[in-house]
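Coordinate analysis (summary)
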Amino acid sequence: MSRQRWWGWGVDGHDQPLPADGDALLTAELGISPDRREPPPLEALVLPPSALAPGVRSALENVVGSAWVRDDHASRATHAVGRAYPDLVRLRSGRLDVAPDAVLQPGTAVEVLGALRACAQLDLAVVAFGGGTSVVGGVEALAGEHAGVVALDLGRLTGLVHVDVRSGLATLRGGTFGPDAEAELASHGVTLGHHPQSFEFSTLGGWVATRSAGQASTGSGRIDDLVQGLRLAAPAGEVVTGAGPATAAGPDLRELLVGSEGTIGIITEATLRVRRVPGATRFEAWALPGFAASTEALRALVQADTAATITRLSDEEETRVSLAMAGAGPGVGALKAYLRTRGLDRPCLLVLGWEGADAAGLRARREAGVRVLRAHGAVTLGRKAGEAWARRRYHGPYLRDELLTRGVLIDTLETAATWTSLLETYRAVGAALRGSLAARGTPGLVCCHVSHLYRTGASLYFTFIARQEEGAELEQWHAAKAAASDAIAAAGATITHHHGVGRDHAPWLAGEVGELGLALLRSAKATLDPTGIMNPGKLMDWTSDNAGYGNRGEPLREVR
Ligand SMILES: Cc1cc2nc3c(=O)[nH]c(=O)nc-3n(C[C@H](O)[C@H](O)[C@H](O)COP(=O)(O)OP(=O)(O)OC[C@H]3O[C@@H](n4cnc5c(N)ncnc54)[C@H](O)[C@@H]3O)c2cc1C
């Protein structure tokens, strides 16, 4: 069952208070108030009634066992939506207009197949649920045209199936959470090295299903680079792909399954490329002059094959806001003075995480990278700032909960663009977000960082922050999100670099892959999921006809 607090991120005991500097900045620049809006108790959350008839329930119990079919309030509430800003706003509002009729927890891949067949016969939509950390409406419990909807929680399908250290391969079950996967791999001396910020609460199957990217993806590869083989259960049967290191046996079926977001089947196992645990690591921070010049430094680094495993550059605004939010306090003044003496009035912070088989390997790689950085005017800030980032790498989402409590809109969105169009995309998306927020009378802060480098381009990850528009929180968010998505599409960039398509990006998918491309994806879905029960309304299954499924910004309406 869901590991997280029902109304927000993570588990109790890790809450992040808003530091005094951050509070002062948001009060002065956004006009937030000191008032607190705590989430309601779980019992007060209103859900649509469960439509699970007794006969349907017993048919599902026959497949997975009676203990693993749940329709209690808490199970339904914790499997209704993901962890995007609009999800949290709706949970905190005390009313959801979507919820699964039941939550199923199959224990084996065979039970998953049986559950899908049963759901097809019973006309129940199925939403695969890993960690439920989707930020694009991917796990929203939409029934679509079907009689009901179940969340298929992968929480019992966990653990290492097989490891082949000699070949650098490991097979893990789809529901394995990040820390559990790494702990099992570490006992064999290997690592996957995939660390999305949601690492603690997201699963292997979720990563593969959304083509996720981790903080170390510049060095270790995205999850799609790491998948060698997959086992997928679909209503029509099982598909198993990719036994060998490479093949010329026609189009690569893996590519159809990776990123399929639960719309064609359930990833029950994945075989991934793993490597030896690095013998040496080093975190450090640098300051660079201006975002345009800094991105040139990143291009030079990656094209010379000297980027660090983690290479993360904040623009001027993100650097300023992060320093305030980190509660850096009096040290910030000294740091700013130090940078000014080096001509860096509005610096961009660069965090680097180096890895090597041993200290000598790390040193050689780092020295080559440092030469490139110095040639671009970078000033070292030493190891402490880098180590502080590494210590806090999973803390940010807890602060988001505190900001929501203080009536703040805070959301993120991401894209990727070529080096040639990166800055133009950066400016266009930033302008769209600022314009949308200002037009509603809630001018905002727009921050950006680059954290995934490729020889041909890089990702752009935006955070936008504003005072919530009370009573119109979802409309305010929806307007900003749509404006940014339109700007991304107009710049010719991708609608998502790693969050996936889900419900929120689906209206922009046809523009990116073309109507014929979309038809091709739909034909694969029709083969594996002939009655269309798998995750309705998401990815390739979205049409303007089902735009009203669930409330993510439109006025509240009944969904079935
Ligand atoms: C605070 C926060 C930080 C985040 N940081 C990152 C980041 O750094 N990088 C990144 O890429 N993403 C990030 N995300 C987004 C999210 O964590 C990723 O998309 C992650 O891969 C989802 O994994 P999950 O197990 O939670 O999947 P879920 O949210 O449960 O599901 C995501 C989608 O995949 C489908 N799915 C899940 N499991 C399976 C399966 N076994 N088979 C088939 N379909 C399945 C679901 O139906 C849904 O469509 C972040 C999200 C949050 C809230």
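As a starting point, this report considers the structure included with it. (Residues numbered from 1 in each chain as written. Predicted model: local features only at pLDDT ≥ 70, side-chain atom pairs only at ≥ 80, totals over all residues. Heavy atoms only, no water.)

Here the focus is the packing of aromatic side chains. Counted by the stated rule, this structure contains six aromatic pairs. Note on Trp-9 and Phe-201: the rings are 5.4 Å apart at their centroids and 85 degrees apart in plane angle, and the pair reads as edge-to-face. In this pair, Trp-9 sits in the segment before helix H1 (20-30) while Phe-201 sits in the loop between strand E7 (190-191) and helix H7 (204-210), placing the two residues 192 residues apart along the sequence. For the pair formed by Trp-9 and Phe-201, the shared burial category is buried. (Phe/Tyr/Trp six-rings, centres within 6.5 Å; stacked < 30°, edge-to-face > 60°. Helix = DSSP H or I, 4+ residues; strand = E, 2+ residues; numbered from the N terminus. Buried < 20%, exposed > 50% of the residue type's maximum accessible area, 1.4 Å probe, protein only.)

What follows concerns the pairing of strand E5 (residues 160-164). Along a regular strand, successive side chains alternate from one face of the sheet to the other. Strand direction decides the pairing type here: E5 and strand E6 (residues 169-173), joined by four bridges, are antiparallel. Note on E6: the bridge partner recorded for Asp-164 is Leu-169. Remark: four residues form the turn of the hairpin made by E5 and E6, two consecutive strands paired antiparallel; Gly-168 in that turn has positive phi of roughly 70 degrees. (Pairing = 2+ DSSP bridges.)

Moving on to the pattern of salt bridges. Using the criterion set out here, one finds 30 salt bridges in the structure. With a shortest N-O distance of 2.6 Å, Asp-252 and Arg-254 are connected by a salt bridge. Residue classification places Asp-252 among the partly exposed positions, given a relative accessible area of 31%. (Salt bridge = Lys/Arg side-chain N within 4 Å of Asp/Glu carboxyl O.)

Strand order in the open sheet formed by four strands is E1-E2-E4-E3, and the pairing between neighbours is mixed. The sheet is open, and its two edges are formed by strand E1 (69-70) and strand E3 (124-129), each paired on a single side. Alignment of strand E2 (residues 102-104) against strand E4 (residues 148-153), held across three bridges, turns out to be parallel. Of the residues in E4, the one forming a bridge with Leu-104 is Leu-152. Here helix H5 (residues 109-122) sits on the sheet in contact with E2, E3 and E4, set at roughly 150 degrees to E3. (Contact = heavy atoms within 4.5 Å. Axes fitted to C-alpha atoms, helices over the stretch in contact; angles between N-to-C directions.)

Below, the discussion takes up the side chain of Arg-90. Relative to the helices and strands, Arg-90 is located in helix H4 (residues 85-93). Using a relative accessible area of 3% as the deciding quantity, one classes Arg-90 as buried. Here Glu-140 takes part through its side chain, which lies 3.0 Å from a polar atom of the side chain of Arg-90. (Polar contact = N/O pair within 3.5 Å; in protein donor to acceptor, adjacent residues only side chain to side chain.)

To continue, consider the pairing of strand E15 (residues 379-382). Side-chain alternation along E15 places Val-379 and Leu-381 on a buried face and Thr-380 and Gly-382 on a face that remains uncovered. As judged from the three bridges shared by strand E12 (residues 280-289) and E15, these two strands associate in the antiparallel manner. If you follow Ala-285 over to E15, its bridge partner there is Gly-382.

Let's shift gears to the packing of helix H17 (residues 422-439) against helix H18 (residues 473-490). Here H17 crosses H18 at 155 degrees, and the two axes come no closer than 8 Å. When the axes of H17 and H18 are compared, the pair comes out roughly antiparallel. Read as a crossing pair, H17 and H18 show a hand that is right-handed. Between H17, through Ala-428, Val-429, Ala-432, Leu-433, Ser-436 and Leu-437, and H18, the contact on the second element is made entirely by Gln-476, Ala-479, Ala-480, Ala-483, Ala-484, Ala-487 and Ile-488. When the residues that make up the contact of H17 with H18 are grouped by side-chain class, the tally is eleven nonpolar, two polar and no charged. (Parallel < 35°, antiparallel > 145°, perpendicular 65-115°, else oblique. Left-handed = near helix turned anticlockwise from the far one by under 90°. Nonpolar A, V, L, I, M, F, W, Y, C, P; charged D, E, K, R; others polar.)

Keep in mind these values describe shape, not function.
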